[in-house]
2 protein chains.
Amino acid sequence: MEVTRRNFKESLNAVYSALEEADFLAIDGEFSGISDGPNVSALTNGLDTPEERYSKLKKHSMDFLLFQFGILSASQMYITKPFNFYVFPKPFNRTSPDLKFICQSSSIDFLASQGFDFNKVFCQGIPYLNQEEEVQLREQSEERRHQHANGVGTPSFISPSSKGPAHVPEEHKDFINRVIFVHMRSFYLFLIAFFCSFPTRFQRKLIYQTLNWKFPKGIHVETVETEKKERYIQVIKVDDEERKRREQQKREREQEELNDAVGFSRVIHAISKSGKLVVGHNMLLDVMHTIHQFYCPLPEDLQDFKEVTMCVFPRLLDTKLMASTLPFKELITNTSLAELEKQVKESPFKSPQVETAEGFHSYDTAQQQLHEAGYDAYITGLCFVSMANYLGNAHDRADPTFKTLFLMRIIDIPYLNVTGPDLQPKRDHVLFVTFPKEWKTSDLYQLFSAFGNIQVSWLDDTSAFVSLSQTDQVQIAMNTSRYAESYRIQTYAEYVKGKHQNKEKLGQTPKSWGEDGWRKPHYASATSAATFGYPRYTLPDDDEAEEKESPEGNDAEGTVTWQQAPAVHGRKGQKKKKSKGVFFF
Amino acid sequence: MEVTRRNFKESLNAVYSALEEADFLAIDGEFSGISDGPNVSALTNGLDTPEERYSKLKKHSMDFLLFQFGILSASQMYITKPFNFYVFPKPFNRTSPDLKFICQSSSIDFLASQGFDFNKVFCQGIPYLNQEEEVQLREQSEERRHQHANGVGTPSFISPSSKGPAHVPEEHKDFINRVIFVHMRSFYLFLIAFFCSFPTRFQRKLIYQTLNWKFPKGIHVETVETEKKERYIQVIKVDDEERKRREQQKREREQEELNDAVGFSRVIHAISKSGKLVVGHNMLLDVMHTIHQFYCPLPEDLQDFKEVTMCVFPRLLDTKLMASTLPFKELITNTSLAELEKQVKESPFKSPQVETAEGFHSYDTAQQQLHEAGYDAYITGLCFVSMANYLGNAHDRADPTFKTLFLMRIIDIPYLNVTGPDLQPKRDHVLFVTFPKEWKTSDLYQLFSAFGNIQVSWLDDTSAFVSLSQTDQVQIAMNTSRYAESYRIQTYAEYVKGKHQNKEKLGQTPKSWGEDGWRKPHYASATSAATFGYPRYTLPDDDEAEEKESPEGNDAEGTVTWQQAPAVHGRKGQKKKKSKGVFFF
């Protein structure tokens, strides 16, 4: 179902029902760009730490706009309901924030080549507000109402000295007399044009002041805007009862306008409240953008981001991570969404039996509509069902709650663990090399030619990580470099130590490394909960501490095994809270 | 005529003819936003100096995209040819700059409400390059060709040590053997898939090295891209002659692709070379964006900007400035384009007799299509003709070469003088006031209530210019403020002096003020010339110094009088140069 500003309100109930009945949801977002800083290969260095990756994505990706959001609801093995939402931050009114967002030519050009409909985004996109903006707007509206109750019109135009008659300078007397007194005598209802440019700001002030003084109780003043965006001051003579009725009407209209302004964020609230499993493909950016646009500005710290994530998406599963993990790792050669979708249709997988619910657009996977968010969410759902069926537990409502997000292009940390500390590989085969900015990859290959195959991860013009194939050669490489002048080599441990020394000034302690290459978690993290609207940056509740998770079992090569994952059942704390929701739970 | 990427090449000749035959041109641009910093009223302070205004617009407006460009060509009193171009910086190839641009929600929403077609911009927009990018790309292409002549394939993959056989690590031998030797034996032409992610970058290098070593002369290697953006290495066995023929073909293809990439900038070049009068309405931003996108990055300094402007648009006229100037100032109450268009149809003006040339879209001014660049350029042209007819000289080809651009919302400097120093009013009735950030306009009104009507121009949260209606009250205001603690008042002269003292460190000298309120020009500036492609940041040519212009005559109130403008005839230097153009002159 395609949802735009035009049919959003009438579609909301269908969305809510689909969320309620879903066994799981799949989501996908389309963005106006990926990186406003380094190119994508520099943005995603193969040896980033999770903190570095998060902070790079936060810095370089969040000024783009998530402008299409796909949701698939799948229920009853499986009736599917795909939704494709167009989203745009249409300013609520003249004083509301006028959001600026970046577009990246290559991304826009790519979407254009896929038949993306930009007019639907910009002309019919559903507006939205994050929680803070919503609260602010509601407070402003309340404040206006209170002030309104004590006087006439927009209080910002009433000067503190306006208790007496307004001082009307000689040159404006004619204008004010004409506008107010002539009209007031001859018409019951009249409009005063709201002149735009600054010389008439003063005249507007005079009009308000004079009205306030002449008719302290007998009129209702309201700014109205025509379809052509022309603004007028509407002045109506009213008695007290009529005045109250009009103010009540105005208030109800404002409340509805406010709900409309919250717009698409209501759908995200509903997903969050539903507590349903949310599946996505390579979904870290989708999660970050969703939180950033519809919930709250992203926190500085990765740990805080994880906690916010558990508020907004209490149960998450990344199909790209799933497909890159045993047993699928050995069955699937290419984990891109389009390729995955093809592969999970064939042996040893089975094409899942799915049916599109009546009234919903039935996607044909033979005619790919890739990079429409609704379609991508749809096939992400299909991929999940196929893989889950292969494991034999897709129809079991017990969730394979991995709560981990795929980390694209990090060599040895395959995922971000949302509910606890991340993997910390030793990287003792990695060297940090600095060199003149003329150097190319080929120079590094030449420099390390004695050490066999190497892997180069560029950091900037003059530095890179070089991974050797054998750890025991690190010392030899260090020794041979001792007298070199044009370049410098450090071990990864030395490099990290240097970085931490800089950070210590900010109060952070250096991290310890476990014997087995993975860092041992210091604490058992509690999984999420907290209903939407109350991000918990504080300590976890005790009664939820039973839901422990440890980093997933790893084989020697730093990969994770899907089947060894501890199954965590029952989000009981969450379920207890469901009845508190504002709808249907 | 609507021009997009699809019909650009076939339309170019029609564009060139229209420019050649034109008596004058009118232009207009539509942008993805206006200000990425302060809101527009703070961006355009009423007491900005021209330098400040230029530098604010440069800083806060140039990251938006000019994505629709309208040109009207009017000839023979008047046959009109309106063009509406859609423009988009589609990346030329994977290595070319991936431009990011900002969109402002309110601007996008406004254009959407006017029926703007964003799909035409993003899916079919004509690409462009500025001069620097064009030169760079042509040099890169030359360099590739030279390197190509000496070896095979993409040189960046050839390691400096590849004179001998490539060192193929054990684990890749199988792959390389399969790809190269098996295929080479069995097929004449084969494709090698261009794997995307980094592990195969090394394999690509091995393929190139091995090919280079095995077949130093007998093959032609080329990277080809399918419509689906999949890339392959195409390897063909060829003899020397066939190889040369293919390389020649490839080079011609590249040249054509380069011309396509220069795209819309060719139209701007042609306008510049034509030397025709270019008319626009409130066109400072249009001029700045045009130079910035299609010619060169905007210079830091206003004086340099003026010189570049004279290169790109040797003859400019701003209809908003014209309408704000005597005699029109007294006839026209609202100088917005839409209102102006209505007013110049009525007495004492006459609706101009215009006719749309065959094959061009005939705009109906009764059904306004405002904010389509082509339409706005069209009615700007109509307004110019009406006003020029009123003066009785529109059919005289001698140009009313004002070479001044309207400065929106500056109280006492109505225009930017492109060919010389700008007006410098004394502003001795202006006070610079600093105060606590809680203060509102009403507090300033109250503070100065003894001095009659004032005009407030906000600078930031804690400072503003306050203009008194009478200069002789300045000293009284200064005296009464002497012991104030919460606020501070300086005269405008003191304020400027303070600013200049800061600037002197950078080597700038304070400016002197003339007796009559306007600063006397120090030098007679030469008007432009210089053909497109050679911006002249140096001294003006002597043989053009005859074309002197002084600031236009001013009446006592700081307005300029249209009819008193010295008519500057004959751009002879320019005309002599015309035969040097690459087309039709």
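In the nomenclature of an unreviewed UniProt entry, chain A corresponds to Poly(A)-specific ribonuclease PARN from the organism Cyclopterus lumpus. In its Cofactor (unreviewed entry) section, the UniProt entry covering chain A states "a divalent metal cation".

Once that is clear, we can look at the nonpolar core. The biggest cluster of nonpolar side chains holds 144 residues, and the ones touching the most others in it are A:F85 and B:F85. Once residues within four sequence positions are removed from consideration, A:F85 is found in contact with A:V3, A:F8, A:V15, A:F67, A:Q68, A:F69, A:I71, A:I126, A:F264 and A:V267.

Residues and elements named next belong to chain A. Contact geometry for helix α1 (residues 8-21) and helix α10 (residues 265-274): axes closest at 10 Å, N-to-C directions at 10°. The pairing of α1 with α10 is recorded here as roughly parallel in orientation. In terms of crossing hand, the pair formed by α1 and α10 is right-handed. Contact residues: α1 offers F8, L12, V15, Y16 and L19, while α10 offers R266, V267, A270 and I271.

Moving on, we come to the interface of chain A and chain B. Counting residues at the interface gives 42 residues for chain A, matched by 43 residues for chain B. Interface of chain A and chain B: buried area, both sides summed, is about 3600 Å²; carbon and sulfur atoms make up 59% of it. Viewed at the interface, chain B and chain A are joined by two salt bridges. The partner of B:D109 in a salt bridge is A:K90, and the shortest N-O contact between them spans 3.1 Å. For the side of chain A that touches chain B, the secondary structure elements donating two or more residues are β5 (100-104), α4 (105-113), α5 (118-124), α7 (170-186), α8 (199-214) and α16 (441-447) of chain A. Of the residues that constitute the side of chain A that touches chain B, the class distribution is 18 nonpolar, twelve polar and twelve charged.

Residues and elements named next belong to chain A. Locating T462 in the fold gives a position in the loop between β15 (454-460) and β16 (463-468). Put simply, T462 and E132 are 330 residues apart on the chain and 42 Å apart in space, counted from C-alpha to C-alpha. Not counting residues within four places of it along the chain, the set of residues in contact with T462 comprises V433, T434, F435, P436 and K437.

So, on to the UniProt feature "domain: Poly(A)-specific ribonuclease RNA-binding" (unreviewed entry) in chain A. Within the UniProt annotation, "domain: Poly(A)-specific ribonuclease RNA-binding" (unreviewed entry) is assigned to residues 420-496 of chain A. Secondary structure content for residues 420-496 of chain A is 25% helix and 29% strand, while the C-alpha to C-alpha distance between its ends is 21 Å.

All names here are of chain B. Looking at where Q68 falls in the secondary structure, it is placed in strand β3 (residues 66-75). Given a relative accessible area of 1%, Q68 falls into the buried group. A polar side-chain atom of Q68 sits 2.9 Å from the main-chain amide nitrogen of A373. The contacts of Q68, once residues within four sequence positions are left out, are D28, G29, E30, N84, F85, Y86, F116, H371, E372 and A373.

Criteria and cut-off values
- Residues numbered from 1 in each chain as written.
- Chains lettered and ligands numbered in written order.
- Predicted model: local features only at pLDDT ≥ 70, side-chain atom pairs only at ≥ 80, totals over all residues.
- Heavy atoms only, no water.
- UniProt positions renumbered as here; feature names shortened; annotations may be inferred.
- Core = buried A, V, L, I, M, F, W, Y, C linked by side-chain atoms within 4.5 Å.
- Buried < 20%, exposed > 50% of the residue type's maximum accessible area, 1.4 Å probe, protein only.
- Contact = heavy atoms within 4.5 Å.
- Axes fitted to C-alpha atoms, helices over the stretch in contact; angles between N-to-C directions.
- Helix = DSSP H or I, 4+ residues; strand = E, 2+ residues; numbered from the N terminus.
- Parallel < 35°, antiparallel > 145°, perpendicular 65-115°, else oblique.
- Left-handed = near helix turned anticlockwise from the far one by under 90°.
- Buried area = accessible area lost by both parts, 1.4 Å probe.
- Salt bridge = Lys/Arg side-chain N within 4 Å of Asp/Glu carboxyl O.
- Nonpolar A, V, L, I, M, F, W, Y, C, P; charged D, E, K, R; others polar.
- Polar contact = N/O pair within 3.5 Å; in protein donor to acceptor, adjacent residues only side chain to side chain.

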